[in-house]
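# Descriptive analysis of the structure
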Amino acid sequence: MGRPRTNDETVKERLVECATELLATRPQESVTVRAVATAAATSTAAVYSLFGGKDGLIAAVRDKAVASLFQTVTAVPTSEDPLADVYALCAAYRRWGREHSHLYSVLFGGVQSFRPSGTVGTSDPVRPLLAAIDRAVTGSVLDGPATSIAVSLWVTLHGLVTLELAGAFDAATAEDAFRSAIRATLRGWATPAVFAGLRRDGSGQDAPGLT
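Residues numbered from 1 in each chain as written. Predicted model: local features only at pLDDT ≥ 70, side-chain atom pairs only at ≥ 80, totals over all residues. Heavy atoms only, no water.

Before going further, it helps to spend a moment on the pattern of salt bridges. Counted under the stated rule, the structure contains 6 salt bridges. Measuring nitrogen to oxygen at the nearest pair gives 3.0 Å for the salt bridge that ties E164 to R94. You can see E164 sitting in helix α8 (residues 146–165) and its partner R94 sitting in helix α5 (residues 82–99), a full 70 residues away along the chain. With a relative accessible area of 5%, R94 lands in the buried category. Among the salt bridges present, the one from R98 reaches E164, with a minimum N-O distance of 3.5 Å. Remark: E164 occurs in helix α8 and R98 occurs in helix α5; sequence separation between them is 66 residues. For R98, a relative accessible area of 41% puts it in the partly exposed group. Note on E164: relative accessible area 17%, which makes it buried. Linked through salt bridges whose partners overlap, the residues forming this network are R94, R98, E164, E175 and R179. (Salt bridge = Lys/Arg side-chain N within 4 Å of Asp/Glu carboxyl O. Helix = DSSP H or I, 4+ residues; strand = E, 2+ residues; numbered from the N terminus. Buried < 20%, exposed > 50% of the residue type's maximum accessible area, 1.4 Å probe, protein only.)

Here it is as structure tokens:
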């Protein structure tokens, strides 16, 4: 009987899935090649054959997370209102984090270094947000460097999503925290002409465009 194949796409995907789960639930140093291979019901040789080792496997997990987030944010339609688009992109980021908690933990939990101020590539998930912010700045809706605005929004979102995934909020509190925190962050960068529109009116309704 021949030896089982260790370098097909099925094994490769299984290794990435198992590594994702292990990296999201254990300290990185405890996630060894042997541990991942055992979880994936394959050999350590498969990891080296397909990824070149642990570093290559971790990189593949991160690439999967980046591609998944990029697919989600690029699916957000562009409207005539750049501020509404910024809000929609923030909502998409939050939704992706809740629906892909393991990938979120791997991408933003310290498994790989993440530098939001680095060069933005064509498949970088932050690109659609920067484009919407650029349109808002050009339209005198927001005032400030686009990268700085994007980083401040990401800091706010990361804190919210991390707490939400940790179970710190019930559903109603999480929803209210998201809306109020994103609106407050945008107010900090808003031009005087649109500042008041980023507040809730007296009846507690959301500002136009930010639903």
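There's more to say after this.
In this section: unusual backbone geometry. Even without being glycine, A41 reaches a positive phi, approximately 55 degrees. Along the chain, A41 falls in the loop between α2 (33–39) and α3 (44–51). You can call A41 exposed: its relative accessible area is 66%. Although it is not a glycine, S140 adopts a positive phi angle of roughly 60 degrees. By the secondary structure assignment, S140 is in the loop between α7 (127–138) and α8.

Okay, the confidence of the model for the protein chain next. Predicted confidence across the protein chain gives a mean pLDDT of 84, with 83% of residues reaching 70 or more. pLDDT under 50 marks residues 200–208. Its contacts with residues more than four places away, or in other chains, come to 13 contacts. (pLDDT = per-residue confidence, 0-100. Contact = heavy atoms within 4.5 Å.)

A few words on the nonpolar core. A general tendency of soluble globular proteins is for nonpolar side chains to be buried together. Counting 36 residues, the largest nonpolar core has V86, W96, I133, L153 and I182 as the members making the most contacts within it. Only α4 (54–74), α5, α6 (101–108), α7, α8 and α9 (171–189) provide two or more residues apiece to this core. In terms of residue count, α5 provides more of this core than any other element does, 8 residues in total. Ranked by size, the runner-up nonpolar core spans 19 residues in total, among them V11, C18, A19 and V36. (Core = buried A, V, L, I, M, F, W, Y, C linked by side-chain atoms within 4.5 Å.)

Their axes nearest at 9 Å, the elements α4 and α6 cross at an angle of 115 degrees. On the basis of the axis angle, α4 is roughly perpendicular to α6. Our pair here, α4 against α6, has a crossing hand that is left-handed. Touching V61, R62, K64, A65, V66, S68 and L69 of α4 are L103, V106, L107 and F108, all from α6. A breakdown of the residues in the contact of α4 with α6 according to their chemical character gives 8 nonpolar, 1 polar and 2 charged. (Axes fitted to C-alpha atoms, helices over the stretch in contact; angles between N-to-C directions. Parallel < 35°, antiparallel > 145°, perpendicular 65-115°, else oblique. Left-handed = near helix turned anticlockwise from the far one by under 90°. Nonpolar A, V, L, I, M, F, W, Y, C, P; charged D, E, K, R; others polar.)

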